[in-house]
Amino acid sequence: MRRGELGMIEAVMVLVVFFFLLAVGLMVYNGLAGRGAVQRSQEALELRGLRIARLAMTFPELQCSVSNVIQENCVDQLKASAMSSLLSSDSRARQYYYDTFQEARIRVRQVYPTEEEFVIYEREPAEYRRSEATYLPVIVYDPLSSGGTCLTLHGACHFGTLIVEVYQ
Amino acid sequence: MRRAQVQVQFTWIFSLFAGALILLFFITFILRQKDVSERGLSAEVSAKLDAVLTLAQSSLQTSNNVTIPGDLGFDCTGFVYGGARRPYGNALVFAPGLIQGKLLITYADGWDVPYRASNLLYLTSPRVRYIFLNNSETVHSLFEAMPDAATKQSVEWNITLMASIMPRNDDYVRIILGASSSTLPSYLPGLDALSPEEVGVLGVSRSVSETDAFTVTFYTRNPGAPVMYSPGEVFGVVGEEMALAAVYSSAELFNCTYSRALDHLEHITAVYYQRSRDLLASYRGPGTCAQLYGAAGSSLSAIRREAQRPPTLMSAEAIAANMTALADANQRLKLFSCPTVY
């Protein structure tokens, strides 16, 4: 082999090694970036759950009130049941609330004095990779229970949890 | 040409080609990373702003100054920052189409009809100036309802005083007056130099039936025409909070957001209607309360029906009249120690 040809092969080999190292570097970078993206999407899912839970807690459709005086962290059982039947019977209402809650499941689980659970909103995607649940302790107000008071409201207070599940 | 010479030329061409390829690779990589990073930053800022707006929406009757990184554009269902659009679901946000500068003023209030239908979020900037021409009780009341952090001023309905209103370095000037076309300010010569994009007039008047219904009229500017402002879109709205919402919005944004507010009113009224029926069905006490639940149910049904109609003054008045009847029934339920409807 002549000296010039040797020089050429040497230059090509340098380039091959350079691009090989570049490709390895890019693969490592993409791997790390991918892991970061998964973590970010997990965080985003958790945040979405919290956001929806917070929204649900401030929704007048669910909140307990007397003459517009709002009771914080309290779900009115009658309103929740009315909303649940509205969403199951009215497609326009279902579409309307989808803009707020999107693909999620919102339910109230009463744990004391009796155990009971009612689903307020449910829109589960056909396929999802994972779901995330957010739990918020709430008072479940029953206005039909006679003879007692719940905070400042006529009726009875029960204890429960608002559960919001979001999907990805 | 000798073989050695050809080889030297080939080496040079080969080096140039390889160098250009490497350079191209790095330039593409850097540009792509820059684009990804900018989009990521816009999305991150939008997410933070969204969180701020969600929080502001639940802090009623509290004004907050929020520092923003740049101009924010608003439409009916979302906001845009740096090319990234973020929808705000069913939140009812009233704002000018564009907020420029570094400061955003947020203020939220409940929309009570008479039950809480929704929370309204008002957004503006110190660079938007509100001039209330004080020719009615309603205008005065709206001036008082607007937070002090906003750039607002009240001017008496006096030709000399109105003529002294001059443009400042504002992005936009909104004039609010007790509406009636005969009282339209052709007396604002100081603002003649402003373009239709820089100034707008809103007329607000309470219904003659003295209920909680209002007419809001967005006047459009006709530069060079004998009548400087002519009535544009007119809406019948329910509640002073909604009349205040019109002060903050452009006609287009108000039209769309108020329609969404009526959609929400329809659905939440269905919830209250069902609740009143459940209360009536299970009530075993004195007959007076049962009658009151029945009356409340009729009012709620009427409100729901009217909320489905276009936003005219007639439908707003019908809603307002039923609001009064419902508030009365609710008050009496409270007096009789029965569970209230709202």
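Residues numbered from 1 in each chain as written. Chains lettered and ligands numbered in written order. Predicted model: local features only at pLDDT ≥ 70, side-chain atom pairs only at ≥ 80, totals over all residues. Heavy atoms only, no water.

Remarks on the interface of chain B and chain A
Okay, so step 1: Each partner contributes to the interface: chain B provides 46 residues, whereas chain A provides 40 residues.
Okay, so step 2: For the chain B and chain A pair, buried surface summed over both sides reaches about 3700 Å², with 61% attributable to carbon and sulfur atoms.
Okay, so step 3: Counting the surface chain B buries against chain A, the share from its top three residues, N90, H267 and R275 of chain B, is 17%.
Okay, so step 4: Inspection of the region where chain B meets chain A yields five salt bridges.
Okay, so step 5: Ionic pairing is found between R51 of chain A and D50 of chain B, a salt bridge with its closest N-O pair at 3.3 Å.
Okay, so step 6: Where chain B meets chain A, there are twelve residue pairs in polar contact (both at pLDDT 80 or more).
Okay, so step 7: For the side of chain B that touches chain A, the secondary-structure elements that each account for two or more residues are α1 (3–58), β8 (116–124), α5 (251–282) and α7 (313–335) of chain B.
Okay, so step 8: Broken down by element, the residue count for the side of chain B that touches chain A peaks at 16 residues, all from α1 of chain B. (Contact = heavy atoms within 4.5 Å. Buried area = accessible area lost by both parts, 1.4 Å probe. Salt bridge = Lys/Arg side-chain N within 4 Å of Asp/Glu carboxyl O. Polar contact = N/O pair within 3.5 Å; in protein donor to acceptor, adjacent residues only side chain to side chain. Helix = DSSP H or I, 4+ residues; strand = E, 2+ residues; numbered from the N terminus.)

Section: unusual backbone geometry
Among all residues except glycine, the phi angle is most often negative; among peptide bonds, the trans geometry is most common.
Okay, so step 1: P113 of chain A follows Y112 of chain A through a cis peptide bond whose omega is 5 degrees.
Okay, so step 2: Among the structural elements, P113 of chain A can be located in the loop between β3 (104–112) and β4 (116–122).
Okay, so step 3: The omega angle of the peptide bond from V113 of chain B to P114 of chain B is -10 degrees, so this bond is cis rather than trans.
Okay, so step 4: Residue placement: P114 of chain B occurs in the loop between β7 (103–112) and β8.
Okay, so step 5: A positive phi angle is found at N73 of chain A, which is not glycine, with a value near 50 degrees.
Okay, so step 6: Structurally, N73 of chain A is set in strand β2 (residues 69–76).

Looking at the domain arrangement of chain B
Residue and element names in this part refer to chain B.
Okay, so step 1: By the assigned domains, chain B splits into domain 1 (27–125), domain 2 (126–249) and domain 3 (262–335).
Okay, so step 2: In this structure, domain 2 and domain 3 have C-alpha centres spaced 34 Å apart.
Okay, so step 3: Taken together, the contact between domain 2 and domain 3 spans twelve residues of the former and eight residues of the latter.
Okay, so step 4: Sorting the residues of domain 2 by area buried against domain 3 places T211, G236 and V238 first, and these three jointly supply 53% of that buried surface.
Okay, so step 5: Applying the counting rule to domain 2 against domain 3 returns zero salt bridges.
Okay, so step 6: At the junction of domain 2 with domain 3, the criterion picks out three residue pairs in polar contact (both at pLDDT 80 or more).
Okay, so step 7: Among the secondary structure elements, those contributing two or more residues to the side of domain 2 that touches domain 3 are β13 (213–221) and β14 (229–238).
Okay, so step 8: Element by element, the count of residues in the side of domain 2 that touches domain 3 is highest for β14, at four residues.
Okay, so step 9: Along the lines of polarity and charge, the residues of the side of domain 2 that touches domain 3 split into six nonpolar, five polar and one charged. (Domains from an automatic or database assignment. Nonpolar A, V, L, I, M, F, W, Y, C, P; charged D, E, K, R; others polar.)

Some details on the sheet that holds strand β6 (residues 98–99) of chain B
Residue and element names in this part refer to chain B.
Okay, so step 1: Overall, antiparallel pairing links the four strands, which are arranged β4-β3-β2-β6 in an open sheet. Every interior strand has two partners, whereas the edge strands, β4 (84–87) and β6, have only one.
Okay, so step 2: Pairing between strand β2 (residues 72–74) and β6: two bridges, direction antiparallel. Across the sheet, residue L72 finds its bridge partner in β6, namely I99. (Pairing = 2+ DSSP bridges.)

Here's the deal with the sheet that holds strand β5 (residues 131–142) of chain A
All names here are of chain A.
Okay, so step 1: Across the sheet, six strands lie side by side as β1-β2-β5-β8-β3-β4; this open sheet has mixed pairing. Looking at strand neighbours, the two that pair on one side only are β1 (63–66) and β4, the edges of this open sheet. Strand-to-strand, the axes of this sheet are offset by a mean angle of 35 degrees, without reference to chain direction.
Okay, so step 2: Packed onto the sheet, helix α1 (residues 3–57) meets β1, β2, β3, β5 and β8 (156–167) and runs at close to 145 degrees relative to β8. (Axes fitted to C-alpha atoms, helices over the stretch in contact; angles between N-to-C directions.)

A few points about the pairing of strand β9 (residues 128–134) of chain B
All names here are of chain B.
Okay, so step 1: Across the seven residues that make up β9, a large majority, seven, are buried.
Okay, so step 2: Neither face of β9 is left uncovered, since the one carrying V128, Y130, F132 and N134 and the one carrying R129, I131 and L133 both have all their residues buried.
Okay, so step 3: Relative to strand β11 (residues 172–178), β9 is paired through six bridges, and the arrangement is parallel. Each bridged residue has a counterpart across the sheet, and for Y130 the counterpart in β11 is R174.
Okay, so step 4: As defined by bridge partners, β9 adjoins strand β10 (residues 151–156) across six bridges and the pair is classed as parallel. Bridge pairing in β10 links F132 to S154.
Okay, so step 5: Regarding topology, helix α2 (residues 137–145) serves as the crossover connection from β9 to the parallel β10, and that connection is right-handed. (Buried < 20%, exposed > 50% of the residue type's maximum accessible area, 1.4 Å probe, protein only. Right-handed = clockwise from strand over helix to strand, strands pointing away.)

Concerning the nonpolar core
Okay, so step 1: Among the nonpolar cores identified, the biggest contains 62 residues, and W111, Y115, M242, F254 and L265 of chain B are the most heavily contacted of them.
Okay, so step 2: Among the elements that take part in this core, α5 of chain B stands out by supplying nine residues, more than any other.
Okay, so step 3: Setting aside chain neighbours within four positions, we find Y115 of chain B in contact with N68 of chain A together with L265, I268, T269, Y272, L300, I303, L326 and Y342 of chain B.
Okay, so step 4: Residues A53, F101, F118 and L162 of chain A belong to the second largest nonpolar core, which totals 30 residues. (Core = buried A, V, L, I, M, F, W, Y, C linked by side-chain atoms within 4.5 Å.)

Some remarks on the environment of T114 of chain A
Okay, so step 1: Within the fold, T114 of chain A resides in the loop between β3 and β4.
Okay, so step 2: A polar atom in the side chain of T114 of chain A sits 3.0 Å from the side chain of Q110 of chain A.

Topic: the pattern of salt bridges
Okay, so step 1: Across all of its chains, the model carries 22 salt bridges over all chains by this definition.
Okay, so step 2: As a salt-bridge pair, E266 of chain B and R92 of chain A come within 2.9 Å of each other at their nearest N and O atoms. With E266 of chain B in helix α5 and R92 of chain A in helix α3 (residues 91–101), this pair bridges two chains.
Okay, so step 3: Take R92 of chain A: its relative accessible area is 43%, and that puts it in the partly exposed class.
Okay, so step 4: A network of salt bridges, in which partner residues are shared, links R105, R107, R109, E117, E122 and E165 of chain A.

Focus: the state of the cysteines
Okay, so step 1: Considering all chains together, one arrives at four disulfides over all chains under this definition.
Okay, so step 2: Here C64 of chain A connects covalently by a disulfide to C74 of chain A, the sulfurs 2.0 Å from one another. Taking the sign of the S-S torsion, about -80 degrees here, the bridge from C64 of chain A to C74 of chain A comes out left-handed. Placement of C64 of chain A in strand β1 and of C74 of chain A in strand β2 is noted, with a sequence separation of ten residues between them. Of the two residues, C64 of chain A and C74 of chain A, neither departs from the other in class, the shared state being buried.
Okay, so step 3: Residue C76 of chain B pairs covalently with C256 of chain B via a disulfide, S to S 1.8 Å. What sets the handedness of the C76 of chain B and C256 of chain B disulfide is the S-S torsion sign, and at about -85 degrees it is left-handed. Of the two residues, C76 of chain B is situated in the loop between β2 and β3 (78–81) and C256 of chain B in helix α5; the sequence distance between them amounts to 180 residues.
Okay, so step 4: In this structure C256 of chain B comes out as partly exposed when scored by relative accessible area, which is 30%.
Okay, so step 5: By sequence-ordered numbering of the bonded cysteines, chain B has its disulfides arranged as 1-2, 3-4.
Okay, so step 6: In chain A, the bonded cysteines, taken in the order they occur along the sequence, pair up as 1-2, 3-4. (Disulfide = S-S within 2.5 Å.)

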